[in-house]
Amino acid sequence: MEEVSEKSLTLNFADEALMLVWAKTAAAVLNSGLVIHLVGDLGMGKTTLSRGLIQGLGHVGNVKSPTYTLVEPYELERLTVYHFDLYRLADPEELEFMGVRDYFGPSTVSLIEWPEKGAGVLPAADISINITQWHLGRCLTLTASSPNGQAQLDRWKNC
Ligand code: ADP
Ligand code: MG
C-alpha cells in the first residue's frame, strides 16, 4: 500500500473513507510552519483531504471549499490552518492585495488548492500532494521540497 523513497511518499486509498482515516492520523502529527500545495484535477479530492486534515486537527463542523472567498481560516487548538482554493483567482496579484504574505508563518499551516493560479506570489511548497485516480480511489504522491517538508514527510512515513 505504501512506497517510500527519500523525498516522496506514495499512498493508495481504495476509497474516500480510507483516505479520511489516514488524514486523521496525519493531522495528529502535523507540524506547524508548513505550506502544502494540493495538486490534482477537479474532483480528485483536494477539498476532501483538506477537510480530513482540518477535522483531524479538532475542527468540528463543515469544511467547504472557499471558492469565492479564496481562503478560510481555522483557528484550532494547536495551530491555525488557512485553507485556500485559488480556482477562481484571475490574477496572482489579487493575493498581494489580500495581504496573503502575512498568512504564512511558523504557527500556521496552509493547505492550498490550485496553487498554480498563485504562481509568483505564493510561497514555494514545503510539501506538494499530487492526487490522481487509482481504481475507484485515489493515489496521493507527497513530495517534500524543504527541510521542514522533509521532516513532516518522515513523520508521515511512520503513520
Ligand atoms: P476537489 O477539491 O479536488 O475538486 P473534492 O474533494 O471536492 O475534489 O472531491 C470530489 C469527489 O471525489 C467527491 O465526490 C468525493 O466524495 C470524491 N472523493 C474524494 N476523495 C476520494 C477518495 N480518496 N476516493 C474516492 N473518491 C473520493
Ligand atoms: Mg476543491
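Every chain is numbered independently, its residues counted from 1 as its sequence is written. Lettering for chains starts from A, numbering for ligands starts from 1, and both go in the order in which the items are written. Local features in a predicted model are, by the rule used here, given only for residues with pLDDT of at least 70; side-chain atom pairs are given and counted only at 80 or more, and totals for whole chains, interfaces and linings are based on all residues. Hydrogens and water molecules were not included; the side-chain quantities draw on all heavy atoms of the structure.

Chemist: Teacher, can you tell me more about the pattern of salt bridges here?
Modeler: Pairing between side chains becomes possible if they bear opposite charge and their charged atoms approach one another. Any Lys or Arg side-chain nitrogen located within 4 Å of an Asp or Glu carboxyl oxygen qualifies as a salt bridge. According to the stated counting rule, one finds 2 salt bridges in the structure shown. Between Asp 154 and Lys 157 there is a salt bridge, with the nearest N and O atoms lying 3.7 Å from each other. Of this pair, Asp 154 and Lys 157 both sit in helix H4 (residues 147-157), 3 residues apart, which is roughly one turn of the helix. A simple rule labels every residue: compare its accessible area, found with a 1.4 Å probe on the protein chains alone, to the largest value its type can have, and call it buried under 20%, exposed over 50%, or partly exposed in between. Using a relative accessible area of 36% as the deciding quantity, one classes Asp 154 as partly exposed. Of the residues examined, Lys 157 reaches a relative accessible area of 16% and is grouped as buried. Put simply, DSSP marks the helices as runs of H or I at least four residues long and the strands as runs of E at least two long, and each gets a number from the N terminus on.

Chemist: I'm lost on the nonpolar core in this one. Help?
Modeler: If you look at soluble globular proteins, the nonpolar side chains tend to sit buried side by side. By size, the foremost hydrophobic cluster in this structure holds 32 residues, and its most contacted members are Ile 36, Leu 49, Leu 140, Leu 142 and Trp 156. Among the elements of the structure, strand E2 (8-13), helix H1 (16-28), strand E3 (34-39), helix H2 (46-56), strand E6 (108-113), strand E7 (127-134), strand E8 (137-144) and H4 are those that each provide at least two residues to this core. Examining the composition of this core, we find that 5 residues originate from one element, H1, more than from any other. To qualify as a nonpolar core, a set must consist of buried Ala, Val, Leu, Ile, Met, Phe, Trp, Tyr and Cys residues joined through side-chain atoms within 4.5 Å. With 15 residues, the next largest nonpolar core counts Leu 70, Leu 89, Leu 95 and Phe 104 among its residues.

Chemist: Before we go on, may I ask you to explain the coordination of the magnesium ion (ligand 2) in this structure?
Modeler: Reference values for coordination geometry: four tetrahedral donors around a metal ideally subtend 109.5 degrees, six octahedral donors ideally subtend 90 or 180 degrees. Distances up to 2.8 Å from the metal define which N, O and S atoms are donors, and 3.2 Å serves for Na, K and Ca; water is absent from the atom set, so sites may look incomplete. Coordination of the magnesium ion (ligand 2) by the protein comes from Thr 47 (OG1) and Glu 113 (OE), over a distance range of 2.1 to 2.2 Å. With a gap of 66 residues between them, Thr 47 in helix H2 and Glu 113 in strand E6 connect regions that are remote in the sequence. An identical accessibility class is assigned to Thr 47 and Glu 113; each is buried.

Chemist: Which parts of the structure should I look at to understand the site of ligand 1?
Modeler: The nearness test applies per residue and asks whether one of its heavy atoms lies within 4 Å of the molecule or strand. Inspection of the region around ligand 1 gives 15 residues, with Glu 16, Gly 43, Lys 46, Thr 47 and Thr 48 positioned closest. As used in this structure description, the phrase polar contact means that two N or O atoms lie within 3.5 Å; if the pair is within protein, one of them must be able to donate a hydrogen and the other to accept it, and residues adjacent in sequence are counted only when both atoms belong to side chains. Here an oxygen atom of ligand 1 sits 2.6 Å away from a polar atom, N or O, in the side chain of Thr 48. Protein burial of ligand 1: of its 570 Å² of free accessible surface, 73% is covered by the chains. Put simply, the parts of the chain that give the shell around ligand 1 at least two residues each are H1, H2 and E8. Here the shell around ligand 1 takes 3 residues from H2, the largest share from any one element. Along the lines of polarity and charge, the residues of the shell around ligand 1 split into 4 nonpolar, 5 polar and 6 charged. Areas reported here follow the Shrake-Rupley algorithm with a probe of radius 1.4 Å; residue values treat only the protein chains shown as occluding. Following the grouping adopted for this structure description, the nonpolar residues are Ala, Val, Leu, Ile, Met, Phe, Trp, Tyr, Cys and Pro, the charged ones are Asp, Glu, Lys and Arg, and the polar ones are all others, Gly among them.

Chemist: What's the story with H2 in this structure? I'm lost.
Modeler: For an α-helix the count is 3.6 residues per turn, leaving residues at separations of three or four pointing the same way. Where burial is concerned, most of H2 is hidden: 8 out of the 11 residues are buried. Taken together, the buried positions of H2 are Lys 46, Thr 47, Thr 48, Leu 49, Ser 50, Gly 52, Leu 53 and Ile 54. Looking one or two places after H2, you find Gly 58, whose phi comes out positive at around 115°.

Chemist: Quick question: what am I supposed to make of the state of the cysteines here?
Modeler: Disulfide: a covalent bond formed between the sulfur atoms of two cysteine residues. Working definition: a disulfide is two cysteine sulfur atoms within 2.5 Å of each other. Under the defined criterion, the tally for this structure stands at 0 disulfides. With no disulfide of its own, Cys 159 lies closest to Cys 139 among cysteine sulfurs, the gap being 17 Å. Judged by its relative accessible area of 37%, Cys 159 is partly exposed.

Chemist: Please explain unusual backbone geometry as it appears in this structure.
Modeler: The phi torsion of most residues other than glycine is negative, and most of the peptide bonds are trans. With a phi angle near 75°, Leu 70 is a residue other than glycine that sits in the positive phi range. Tracing the sequence through the fold places Leu 70 in the loop between H2 and strand E4 (71-75). Assessed through its relative accessible area of 9%, Leu 70 is described here as buried. With a phi angle near 50°, His 135 is a residue other than glycine that sits in the positive phi range.

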